[in-house]
Each structure stands twice: as C-alpha cells, then as structure tokens.
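Structural description and commentary
Residue-level listing of the chains:
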Amino acid sequence: MDAVNKPRSIIRISSGRAGMPLWCRRTHDRLRWYQVVYRLLYRLGLNVWQRGTPPADLITMVDGPSPLPPGRALDLGCGTGTDTIYLATHGWDVTAVDATPKALSIAQRNAAAAGVTARFIHGDVTRLGQLGVGSGFMLLLDFGCFHTLPEDRRTAYVQGVTDAAAPGARLLLYGFRRPPKAAPLHAGVTVEEIRSRFIRSGWELVKAQRSSIETPAARGADERFELWCYLLRRADAA
C-alpha cells in the first residue's frame, strides 16, 4: 500500500479510569520498586531487552501454516510495542498494557508510524481488573513481564490473566530460567512454577521449551540466562 492511500493511524489511550487522561492519572496503590527500576532504565536509554521483531512462536501462531483467526489480543508488558504492532497489522484487536509511561509513548509513536490501531493502557499487569482491560481475549502475550514480578504479585497476575482470557484462549509467555545474578529485579521462572500457578487456575500447559531471540544490545542473553517459551491454553467453558 502506497503512502497516499495508507490509512490514518488511530491510537486509543486509556488510563484505566473513565474520563481521566493518561498524563494526570493517579493511583491509590503505591508505586512498586520494580516499576521504578523500569522507569529509570528507560530514562537512561538502557532498555537492552528491546526487540525489532516478534518471537518466532508468535509469528507461527499468527501467520504460520495453521494461523489463529484474528480476534482480541492482550499484550502484557508491551514495552515499545513491537508485538502489539505486529498483531494489529495482522488484523487483531489489541490491548497493550505497560507500567512505564516512556515505553508507552514510544509504542504509540511506533503504532502511528505503522498506521495501525491499538489500545494502550498505562498500569500494572497485576491489577488488570482495576485497569478495565475487559475480558474475552483469545490470545495473550507476555514477553519477559511475568518473570520480573515479585513473588507477592504473581498470584494476582495469574488471576487477572485468567479472568481476561476467553475459554480456549492461548497464552504465550517468555521468561528467563536462570536470571542474571546482578539483575535489579527478580527475573526468573521455571516450568514447575508455571505448572503450579497456572494449572490450578484452569490452564493447560501445551508446550514448554527453550527459546532464542536476539536483541541488538544484549546478544546471547537468551543463551546465558536460558530463555524459555511456555504455551498455555485456557480451559473451555463447561
């Protein structure tokens, strides 16, 4: 499609509270330390996890030999929007959540440049119900978000994701098994934890395997820290 006929991008921004713009949103919850770390790293330009392409497993699900039909998708910890934009480009109705304002600002600009529609929400992925993300999502994606959450917020994350997922939904989740020793965040997740937390909440673990993806600023990190990909499926309605 040429530039003249390219559709104008529409960016819907939500603060999680009706009628309140993103820039003036206040929350009764204190800012958690892991959110502060991310804000600082983005401010310093040290977002070494930034990727230019979606992970291969997502591409296979969306654009492979047996692609999922486009529907509602939820990008958890969307960062600068690489996966959000990819899904929107392929016809998905995407809601993207991130707790870092600068990341969302970059994602919004990137989406506008790509000429796609997305709904960006500023907030904590462990409080999806309070953010008003809704439900009925058929595809949920988490690239490196869950594995950085502190232990006391992981149960809330699983509950929120479960409530947001439609019966039969897929969740594609990536995380390090062996986090960097110097990491300022708790960055790690094992297949045993995935089974323990998700299966009891009505999910089936379809696949758990080593994965690999390169980022320009952190080459080889997935090998050193063991990046794993987990594919889960939400139970069908009774």
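These figures come from a predicted structure and were not determined experimentally. Numbers given to residues run from 1 along each chain, matching the order in which its sequence is written. With pLDDT at 70 or above as the cut-off, local features in this predicted model cover only qualifying residues; side-chain atom pairs require 80 or more to be listed or tallied, and sums for whole chains, interfaces and linings still use all residues. No hydrogens and no water enter the side-chain calculation; it runs on all heavy atoms of the structure.

For the rest of this paragraph, the subject is the environment of Asp-57. Positionally, Asp-57 belongs in helix H2 (residues 56–63). Judged by relative accessible area, which is 16%, Asp-57 ranks as buried. The spacing of Asp-57 and Leu-172 is 115 residues in sequence and 8.2 Å in space, taken between C-alpha atoms. Residue contacts are defined here by distance: any two heavy atoms, one from each residue, within 4.5 Å place the two residues in contact. In this structure Asp-57 touches Leu-172, Tyr-174, Lys-207, Gln-209, Ser-211 and Cys-229, once residues within four positions along its chain are discounted. Helical segments are the DSSP runs of H or I of at least four residues, strand segments are the runs of E of at least two, and each set is numbered from the N terminus. We call a residue buried when its accessible area falls under 20% of the maximum for its residue type, exposed when it is over 50%, and partly exposed in between, using a 1.4 Å probe and counting protein chains only.

This part covers the packing of H2 against helix H3 (residues 82–89). At a minimum axis separation of 11 Å, H2 and H3 run at an interaxial angle of 15°. Between H2 and H3, the interaxial angle falls into the category roughly parallel. When the axes of H2 and H3 are compared, the crossing they make is right-handed. In this structure, H2 uses Leu-58, Ile-59, Val-62 and Asp-63 to contact H3, whose residues at the interface are Asp-83, Tyr-86 and Leu-87. Simply put, an axis is a line fit to the C-alpha atoms, just over the touching stretch for a helix, and the angle between two N-to-C directions goes from 0 to 180 degrees. With respect to orientation, any angle under 35 degrees is reported as roughly parallel, any angle over 145 as roughly antiparallel, any angle of 65 to 115 as roughly perpendicular, and every other angle as oblique. Here a crossing is called left-handed whenever its near helix is offset anticlockwise from the far helix by less than a right angle, and right-handed whenever the offset is clockwise.

This part is about the nonpolar core. As used in this record, nonpolar core signifies buried Ala, Val, Leu, Ile, Met, Phe, Trp, Tyr and Cys residues forming a set joined through side-chain atoms within 4.5 Å. Formed by 30 residues in total, the largest nonpolar core has its most connected members in Leu-140, Tyr-157, Ile-194, Phe-198 and Tyr-230. Mapped onto this core, the elements with two or more residues apiece are strand S2 (72–76), helix H5 (128–131), strand S5 (137–143), helix H6 (151–164), strand S6 (165–176), helix H7 (191–199), strand S7 (203–210) and strand S8 (227–234). With near-sequence residues (within four places) excluded, Phe-198 lies in contact with Tyr-157, Val-158, Leu-171, Leu-173, Trp-203 and Leu-232.

The next point concerns the state of the cysteines. When two cysteine sulfur atoms lie within 2.5 Å, the pair is treated as a disulfide. With the rule as written, the count across this model stands at zero disulfides. Lacking any disulfide linkage, Cys-78 is separated from the closest cysteine sulfur, that of Cys-145, by 9.4 Å. Accessibility expressed as a relative area gives 12% for Cys-145, which makes it buried.

Secondary-structure assignment places Asp-142 in strand S5. Within 3.5 Å is the distance limit for a polar contact, defined as a pair of N or O atoms, with the added protein rule that one can donate a hydrogen and the other accept it, and that residues adjacent in sequence qualify only through two side-chain atoms. Of the polar contacts made by the side chain of Asp-142, one reaches the backbone nitrogen of Cys-145; its length is 2.7 Å. For Asp-142, the side chain forms a polar contact with the side chain of Tyr-157, separated by 2.5 Å. Apart from the residues lying within four places of it in its own chain, the contact partners of Asp-142 are Leu-76, Tyr-157, Leu-172, Leu-173 and Tyr-174.

Bringing the confidence of the model for the protein chain into the picture now. You can read pLDDT as the predictor saying how much it trusts each residue, on a scale of 0 to 100. Per-residue confidence for the protein chain gives a mean pLDDT of 80, with 69% of residues at or over 70. For the protein chain, per-element mean pLDDT is lowest for strand S1 (residues 11–14), which scores 38, and highest for S2, which scores 98. A low-confidence stretch, residues 1–29 stays under pLDDT 50, and its non-local contacts, those more than four residues away or across chains, total 52 contacts.

As a further point, take H3. An α-helix turns once per 3.6 residues; consequently, residues spaced three or four apart project the same way. Of all the eight residues making up H3, seven are buried; the element is thus mostly covered by neighbouring parts of the structure. For H3, the set of buried residues is Thr-82, Asp-83, Thr-84, Ile-85, Tyr-86, Leu-87 and Ala-88. If you follow the buried residues of H3, they end up packed against H2, S2, strand S3 (93–98), helix H4 (101–114), strand S4 (118–122) and S5. Following H3 by one or two positions, Gly-91 adopts a phi angle in the positive range, close to 90°.

Turning to the pairing of S3, a few remarks are in order. Of all the six residues making up S3, five are buried; the element is thus mostly covered by neighbouring parts of the structure. Seen with its strands pointing away from the viewer, a crossover is right-handed if its path from the first strand over the helix to the second goes clockwise. Tracing the backbone out of S2, into H3 and back to the parallel element S3 gives a crossover that is right-handed. The pairing criterion is simple: DSSP has to find at least two bridges between the two strands. With four bridges joining them, S3 and S4 adopt parallel strand pairing. Residue pairing for S4: Asp-98 is matched across the bridge by His-122. Of the crossover connections in this fold, the one passing from S3 over H4 to the parallel S4 is right-handed.

As for its placement among the helices and strands, Leu-87 is situated in helix H3. Leu-87 sits in the buried class, given a relative accessible area of 1%. Sequence separation between Leu-87 and Leu-139 is 52 residues; the distance between their C-alpha atoms is 9.9 Å. Apart from residues no more than four positions distant in its own chain, Leu-87 is found in contact with Leu-58, Val-62, Ala-73, Trp-92, Val-94 and Leu-139.

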